[in-house]
Amino acid sequence: MDWALSRERYWGTPLPVWRCGEGHDRCVGSREELRSLGASVPDDLHKPYIDDVVFDCPDCGTEMRRVPEVIDAWWDSGSMPFAQWHAPFENEELFRERFPADYICEALDQTRGWFYSLHAISVLLFGQASYRTVLCLGLILDAEARRCRSRAATSWCRGT
């Protein structure tokens, strides 16, 4: 799988990709599609339950099993604008009323991860950004320009 989309972890959203022994891949888009392929679909689509879902390869007839990787957490969080409404599977009208967001706000260090994945996924699926405005917070630095690591939100950073 592509390293930018997947991770070799146990926890996370399972990639919906099945592969047979002959190397054929199948990306499955819904429970209904899994059922149409002859799979028995569990109620819980998380690991380890989804890993028991098998079906015959439409190309060669050998057994297809899900690949072990999970979706990178940034791509998962970048799906938030529509995933929170379970769109496009339901709540489509509510989603359309609230999409795109008027603004999002996060710290500067989120630009490469969350901001980028929000934008990339939204443009891929809907042809537009998922937000109209970005408010980006800076980072608090100590006297030596190091990031403040203080746990207390109200205390001043003293360089420790």
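The rules behind the values
- Residues numbered from 1 in each chain as written.
- Predicted model: local features only at pLDDT ≥ 70, side-chain atom pairs only at ≥ 80, totals over all residues.
- Heavy atoms only, no water.
- 1 Å grid on protein atoms, 1.4 Å probe; cavity = no way out; pocket = protein on both sides within 12 Å on 5 of 7 lines; lining within 4 Å.
- Points joined across faces, edges and corners; volume = space filled by probe spheres on them.
- Helix = DSSP H or I, 4+ residues; strand = E, 2+ residues; numbered from the N terminus.
- Nonpolar A, V, L, I, M, F, W, Y, C, P; charged D, E, K, R; others polar.
- Patch = residues over 30% accessible without salt bridge, like charges linked within 9 Å, V, L, I, M, F, W, Y side chains within 5 Å.
- Areas by Shrake-Rupley, 256 points an atom, 1.4 Å probe, with all protein chains shown as cover.
- Salt bridge = Lys/Arg side-chain N within 4 Å of Asp/Glu carboxyl O.
- Phe/Tyr/Trp six-rings, centres within 6.5 Å; stacked < 30°, edge-to-face > 60°.
- Buried < 20%, exposed > 50% of the residue type's maximum accessible area, 1.4 Å probe, protein only.

Trainee: Now, about the layout of surface pockets: what can you tell me, with residues and values included?
Mentor: Over the atoms rolls a probe the size of a water molecule, and its path tells where empty space is left. Of the voids in this model, the largest pocket is the one considered here, and its volume is about 1,300 Å³. Taken together, 33 residues line the largest pocket, and the ones lying closest to its centre are T13, P16, G29, I71 and F89. When residues of the lining of the largest pocket are traced back to their parent elements, those giving at least two are β2 (17-20), α1 (31-36), α2 (73-78), α3 (80-83) and α5 (111-126). Residues of the lining of the largest pocket, tallied by class, amount to 21 nonpolar, six polar and six charged.

Trainee: Kindly report on a nonpolar patch on the surface, identifying the contributing residues and their values.
Mentor: Taken together, the side chains of L108, L139 and L141 define a hydrophobic patch exposed on the protein surface, amounting to about 250 Å² of accessible area. Note that L139 resides in the segment after β8 (131-137).

Trainee: Lay out the packing of aromatic side chains with the relevant residues and their values.
Mentor: Across all of its chains, the model carries eight aromatic pairs by this definition. Ring centres of W18 and F55 lie 5.8 Å apart, and the angle between their planes is 45°; on these two criteria the pair is classed as tilted. Linking W18 in strand β2 with F55 in strand β4 (residues 54-56), this pair joins segments that are 37 residues apart in sequence. Across this residue pair, the class does not change: W18 and F55 are buried. Put simply, the rings of F82, F95, F99 and F126 touch in pairs and so form one group of aromatic residues.

Trainee: How would you sum up the pattern of salt bridges? Please name residues and give values.
Mentor: Tallying each qualifying case throughout the model produces eight salt bridges. R19 is the partner of D25 in a salt bridge, and the nearest nitrogen-oxygen pair spans 2.6 Å. Two residues, D102 and R132, come together in a salt bridge whose shortest N-O distance is 2.7 Å. Of the two residues, D102 is situated in strand β7 (residues 101-107) and R132 in strand β8; the sequence distance between them amounts to 30 residues.

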